[in-house]
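# Inside the fold
Chain residues, written in single-letter form:
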Amino acid sequence: MARREKTKQFAREKSAGAIIFRKEPFDTTQGKKVKIYYLLLHYPSGHWDFAKGHIEKGESEKEAAKREIEEETGIKDVNFISGFREKITYFFRKSYENQKNPPLIFKEVVFYLGETREKEVKISEEHIGYQWLPYEKAIKKVTFKNAKEILKKANEFLKNSQLLQKC
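Described below are features of the structure shown in this document. Bear in mind the structure is a predicted one, so any value in this text is a computation, not a measurement.

Moving on, we get to the pattern of salt bridges. Applying the stated rule across the entire model yields 15 salt bridges. For K52, the salt bridge identified is with D49, shortest N-O distance 2.8 Å. Across the pair, exposure class does not vary: K52 and D49 are buried alike. Two residues, E156 and K159, come together in a salt bridge whose shortest N-O distance is 3.5 Å. Here E156 pairs with K159, and both are found in helix α3 (residues 145-160), just 3 residues apart, close to one helical turn.

Below you can see the structure in the form of structure tokens.
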């Protein structure tokens, strides 16, 4: 007799977002031409993370990421860096009013690496603050382990690319 495994079906959500960075001139006496700053958003629940949100019907991942960036930060000028696309997955409980046992949701978030020249950020009502931070501070500030891993990959990607040598 074949053994049947029980597989629990979960609701699924897919989102897209970006690790946004900007470059600033740096003191060349220290051997660097530019310094990279990453944008972190502060959420009301207390965590620090990147701009991201649901992919709407008919949108591509990149279209959704650009829309979410603009909605959450006011930044319109973002160029995605070719060759960087990372995905994280996790489970969370979607809480509803007066619901004792909210359903478990499986979430997939695709992240791109986006460069901007805009320094000014106009956060949405979804956030309570933001910071532009160099990698060493951003990696300490970002809250979740999977976000730290994505930031580390983005930083390594930039260090190994020709983008930093062009400045």
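Next comes the rest of the account.
Our focus in this paragraph is the nonpolar core. In this structure, I19, Y38, F50, L113 and L151 are the most contacted members of the largest nonpolar core, which totals 23 residues. For this core, the leading source of residues is α3, giving 5 residues. With near-sequence residues (within four places) excluded, I19 lies in contact with Y38, F50, F84, F111, Y112, L113, G114, I150, L151 and A154. Core analysis: the second largest hydrophobic core is formed by 18 residues, A16, I20, V78 and Y112 among them.

Of all 9 residues making up strand β2 (residues 34-42), 9 are buried, and the element is well covered by its neighbours. Of the two faces of β2, the one holding V34, I36, Y38, L40 and H42 and the one holding K35, Y37, L39 and L41 are both buried throughout. As paired strands, strand β1 (residues 11-25) and β2 are joined by 5 bridges and run antiparallel to one another. Note that in β2 the partner of F21 across the bridge is Y38. In this structure, β2 lies alongside strand β7 (residues 129-134), joined through 6 bridges in antiparallel fashion. If you follow L39 over to β7, its bridge partner there is W132. Taken together, the 2 bridges between β2 and strand β3 (residues 48-49) define a ladder with antiparallel strand orientation. For L41, the partnering residue across the bridge sits in β3 and is D49. Between β2 and β3, which follow one another and run antiparallel, lie 5 residues, and G46 among them has a positive phi close to 110°.

Rules behind the numbers
Residues numbered from 1 in each chain as written. Predicted model: local features only at pLDDT ≥ 70, side-chain atom pairs only at ≥ 80, totals over all residues. Heavy atoms only, no water. Salt bridge = Lys/Arg side-chain N within 4 Å of Asp/Glu carboxyl O. Buried < 20%, exposed > 50% of the residue type's maximum accessible area, 1.4 Å probe, protein only. Helix = DSSP H or I, 4+ residues; strand = E, 2+ residues; numbered from the N terminus. Core = buried A, V, L, I, M, F, W, Y, C linked by side-chain atoms within 4.5 Å. Contact = heavy atoms within 4.5 Å. Pairing = 2+ DSSP bridges.

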